[in-house]
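# Architecture and fold: a report
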Amino acid sequence: MKQLLDWVEHRTGIGSLMRAALYENIPGGARWRYVWGSTLVVAFFTQVVTGLVLWMSYSPSTQTAWESVYYIQYEMPCGWLLRGVHHYSAHAMVVLLALHLAQVVIDGAYRAPREFNFWIGLVLMLIVLGMSLTGYLLPWDQKGYWATTVATNLMNQAPGGGALRKLVIGGADYGHHTLTRFFAMHAGVLPALLVCFLVLHVALFRRHGLTARNPARRPDAKFWPDQVLRDAVACLAVLAVVLGLTLWMGSDLGAPADPASNYAAARPEWYFLFLFQFLKYFPGKSETIGAIVVPGLVMLVLFLMPLWGRWRVGHALNVSFLIVLLCAIGWLTFRATSDDYYAQWYGEDESTPAGVEATPSTHSDRLAKSREFLAAKHEAQLASDRAVELAGSPRKIPPTGALAMLRDDTKTQGRALFRQHCAVCHAFKDATGKDSSRDVHSNDVSASNLYGFASRQWIAGLLDPARVDSDHYFGLTAFKDGDMVDWVKENIGEVADEDRAAITADVQKVAAAVSAEAVLPSQADLEQHDAEKIAAGRKLITEDFSCIDCHKFHDDGELGMAPDLTGYGSRDWLVEFISSPEHERFYPDTNDRMPKFADPDRPDQHRLTAGQIEMIADWLRGDWYRPPDGKADTGSTEE
Amino acid sequence: MTDTQQPTADAQEAAKSRVGRRGFFGFFTFLVGAVVGLVPLTVAGIALFDPLRRKAAQKTYTRIVALDAVPDDGLPHRFDVVRERVDAWNRYPAEPVGAVYLVRKPGQKKPTAFTATCPHAGCFIGYTPGDDKFQCPCHTSAYHFDGTRIGGKVSVAPRGMDTLDVDVRPASTADAGGPQEVWVRFERFETGRHEKIALS
């Protein structure tokens, strides 16, 4: 064995190189404060290993980036772990960089002759931040897309920034080449630069030796094993944190990037939040100062630190500057976070909470903005969950990509269409609060609440004398004082006490019969079970309740006075109603503001395409793909 | 003397020759190195700077919606801009590529069109029915319904919302005096600037 080692040593000199590296003298002995550089190297090594394997499964184009990351995250064995370690190691590197920088500045390790090494360290820091920025976009999800949009648009403010932006994103618009360029930067250019500068950094560190703050405190020691052990323990701690975060939080994947969507939860990663917040304080013309000048000056001061740091006063200034800088970054990050989570942290109380520095007006303003952000975040999570659910369906992701798949999804797009075209008047809100995930927010409701439309509960509520003229049904419409409200109040509300139980039972039967016309997916089992009840309800409709005096119901009654109850709430019925509410099947003479969304006679004049109307109808009916195990929400309107 | 000088002169001559030879070799090596280095660098540079010659999407008018679908209530109504687009090697069939807000004041025939892209940093400006303003979700930019900045010069936005050219045209299948539709010249503008400059 010794002969073999001697043979290798004679030809490579690797043994003496290792000895020189391991038995380097550490003035004042090994210390925990020296571990940051090693942890950074190990974190970078982790990034290289995990990054290379991620690369083997990643495909950078707008139709394959999200899709390949989905596959890594949800279908590849241990892909979630691989991605999580890569994701949180990147976060760890930012924290370790800050700690390393602080240790170097506080210990004065930038002083002559180590100026160049300090500058190289700062360049390494910028490279790592560049890798974080470019890596954020690569999944091509909503948060990465919109955060990168903001970051690259800010380039416009620098001289020649417009051209630089084009170079970075690969043209005037975001697309395939934005991804290929960001990926080339993230996995090729920046890591190569990082390795080059890291080699220089370590070489210069070896040349000048370690800067001990107080070398006389203990006898000198060798790097191996005293310091190496400490470094190894620190690396283990970093790995434990990274694994812990991966297991606890996982690395999320937003919905596929959609430039045409109203994504209102756009935020950069937490370590760039301070810059995001900082921009809020630079109105109008002064924004260049916040986006370019101040960050540029901060970097300039950091680079110049070694020049005046040789004097005691200069060093004290450098340390003070760094502390102020880190505190400012911390405060801005906290402020950005507290703005976003204000409603969650301080409750929904409209009055200014104690201990919060806010006037009533700023309190309500912050509360409103925070609510909007939290709602947007919730929406983003729903879209993300749904995209993953669809991608995992037996149909998998079509070749046109996950965005096309999501745009064809009733559950999300039906809701978006409802919000855009129907929520101007209609509410969609579960009054019980049990199924708030489907709620559509609107500040200006002036028509009925369509949550659970045509379900048994919804019809029963309509036949409830206490609720028929409430805001939930006709209370906000021209029908508030109409025939239906009068009929319900008189015929169901004004019955003798001894008949109360019977009429209540009959109402349930009628509700079941009318609701059965809708053939709602959520009631399929119920309706199979309640065939007799439905038959009894149908009889009541034509006989005791005489609904057919105004409504048409199959072969009974006539059209023209009130909506047709035949197929009420079914897909065809809803499509026809949304297309043309003034059709004789619905409200030929008494339509209350409901616009005609499509006209068969004037197809070029439609407000919504046939497909969009069908999507809204399906969404109202809760008719969309569900995974076979039924884990996801059922869309059920039954409680 | 002559014997000793003669070798020295020869040595000098030889040294001169060596220098000349070395200089030629050095120059030629530099030349070869420059050619070897410049060819890939030039080719790489052309490819690297290729995005600078690429133009923004064509600024043609796109049909947005029937005029009847834009109530003259002075409130914003959001519509997707649906059209074909080309991204490098793909031509996509008509799909949403952005959104506009159309605002039509009472009695006004032609609506005003605002792009939904915030002129501050390019986020998607939001509007919730019932609100009294447009609100950008990213920073603090907010706008009146006429597109002007709330807060004026103290707003973080460098300018008001960007308007787009609007054309109200008769529907292709309509007779004279028949239904009309709103067409918008959809384009993007540089963000973060006080002037409204179309992306080229």
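To start, this report covers the structure provided alongside it. (Residues numbered from 1 in each chain as written. Chains lettered and ligands numbered in written order. Predicted model: local features only at pLDDT ≥ 70, side-chain atom pairs only at ≥ 80, totals over all residues. Heavy atoms only, no water.)

### Digging into the overall build of chain A
Defined as follows: Helical segments are the DSSP runs of H or I of at least four residues, strand segments are the runs of E of at least two, and each set is numbered from the N terminus. We call a residue buried when its accessible area falls under 20% of the maximum for its residue type, exposed when it is over 50%, and partly exposed in between, using a 1.4 Å probe and counting protein chains only. Throughout, a residue-residue contact means that at least one pair of heavy atoms, one from each residue, lies within 4.5 Å. To measure how exposed things are, a 1.4 Å probe is used in the Shrake-Rupley method; for residues, cover is taken only from the protein chains shown.
Scanning chain A from N- to C-terminus turns up 24 helices and 2 strands. With respect to the principal axes defined by its C-alpha atoms, chain A has extents near 105 × 60 × 50 Å. Considering chain A as a whole, with its 639 residues, one finds that 49% of them fall into the buried category. Taking all contacts inside chain A whose residues are at least 6 apart in sequence as the whole, residues at least 24 apart take part in 66%. Summed over all atoms, the accessible surface of chain A reaches about 30700 Å², with 63% contributed by carbon and sulfur.

### As for the state of the cysteines
All names here are of chain B. As a reminder, the rule being used: Two cysteine sulfur atoms make up a disulfide if the distance between them is within 2.5 Å.
Under the definition given, this model contains 1 disulfide over all chains. What pairs with cysteine 123 in a disulfide is cysteine 138, and their sulfur atoms sit 1.9 Å apart. Residues cysteine 123 and cysteine 138 share a disulfide whose torsion about the S-S bond is about -90°; that sign makes it left-handed. Of this pair, cysteine 123 sits in the loop between β4 (112-115) and β5 (134-135) while cysteine 138 sits in the loop between β5 and β6 (142-143); the two residues are 15 residues apart in sequence, bridging distant segments of the chain. A single burial state applies to cysteine 123 and to cysteine 138, both of which are buried.

### Considering the packing of aromatic side chains
Selection rule: Two rings from Phe, Tyr or Trp (for Trp, the six-membered ring) form a pair when their centres sit within 6.5 Å of each other. Planes less than 30 degrees apart are called stacked, planes more than 60 degrees apart edge-to-face, and all others tilted. Put simply, a charge is over a ring when the Lys NZ or the Arg CZ is close to the ring centre, within 6 Å, and near the line of the ring normal, within 35 degrees.
Tallied over the entire structure, the rule returns 40 aromatic pairs over all chains. Arranged with centres 6.3 Å apart and planes meeting at 85°, the rings of tryptophan 146 of chain A and phenylalanine 124 of chain B form a pair that is edge-to-face. Taken together, the residues span two chains, with tryptophan 146 of chain A in helix α7 (residues 142-153) and phenylalanine 124 of chain B in the loop between β4 and β5. Residue tryptophan 146 of chain A shares its accessibility class with phenylalanine 124 of chain B, and that shared class is buried. Here the aromatic residues Phe453, Trp458, Tyr473, Phe474, Phe479, Tyr568, Trp573, Phe577, Phe586 and Tyr587 of chain A are joined through ring pairs into a cluster of three or more. Across from the ring centre of tyrosine 92 of chain B, 4.0 Å away, lies the NZ or CZ of arginine 85 of chain B, which sits over that ring. One residue, arginine 169 of chain B, lies across the ring of tryptophan 183 of chain B, its end atom 4.4 Å from the ring centre.

### Quick word on the packing of helix α5 (residues 79-106) of chain A against helix α6 (residues 115-137) of chain A
Residue and element names in this part refer to chain A. Definition in use: Axis definition: a line fitted to C-alpha atoms, limited for helices to the stretch in contact. Angles are taken between N-to-C directions and run from 0 to 180 degrees. Each angle receives one of four descriptions, namely roughly parallel if under 35 degrees, roughly antiparallel if over 145, roughly perpendicular if within 65 to 115, and oblique otherwise. Each crossing is labelled by how the near helix is turned from the far one, with a counterclockwise turn of less than a right angle marking it left-handed and a clockwise turn marking it right-handed. Amino acids outside the nonpolar list (Ala, Val, Leu, Ile, Met, Phe, Trp, Tyr, Cys, Pro) and the charged list (Asp, Glu, Lys, Arg) are all regarded as polar, and Gly is one of them.
Here α5 crosses α6 at 165°, and the two axes come no closer than 11 Å. Considering the angle they form, α5 stands roughly antiparallel to α6. In this structure, α5 crosses over α6, and the sense of that crossing is left-handed. Touching Met93, Val94, Leu97, Leu101, Val104 and Val105 of α5 are Phe118, Leu122, Met125, Val128, Leu129 and Ser132, all from α6. Taken together, the residues that form the contact of α5 with α6 break down as 11 nonpolar, 1 polar and no charged.

### A word on the environment of alanine 562 of chain A
Residues and elements named next belong to chain A. Along the chain, the position of alanine 562 falls in the loop between α22 (531-542) and α23 (571-579). Given the relative accessible area of 10%, alanine 562 is considered buried. Here the alpha-carbon distance between alanine 562 and arginine 585, two residues 23 residues apart in the chain, equals 7.7 Å. Setting aside its immediate chain neighbours within four residues, alanine 562 contacts Cys550, His551, Arg585 and Phe586.

### Digging into the pattern of salt bridges
To keep it simple, the criterion reads: By convention in these notes, a salt bridge is any Lys or Arg side-chain nitrogen within 4 Å of a carboxyl oxygen on Asp or Glu.
Under the counting rule described, the total for this entry stands at 38 salt bridges over all chains. The closest approach of N and O atoms between arginine 386 of chain A and glutamate 389 of chain A, which form a salt bridge, is 2.4 Å. Here arginine 386 of chain A and its partner glutamate 389 of chain A are both found in helix α15 (residues 360-391), 3 residues apart, which amounts to about one turn of the helix. As far as the burial class goes, arginine 386 of chain A and glutamate 389 of chain A line up, both buried. One network of salt bridges, with partners in common, ties together Asp258 and Arg407 of chain A together with Arg85 and Glu95 of chain B.

### Observations regarding the environment of alanine 184 of chain A
Residues and elements named next belong to chain A. Considering the arrangement of structural elements, one finds alanine 184 in helix α9 (residues 176-208). Classification of alanine 184 by relative accessible area gives partly exposed; the value is 40%. Distance from alanine 184 to leucine 198, taken between C-alpha atoms, is 20 Å for residues 14 residues apart in sequence.

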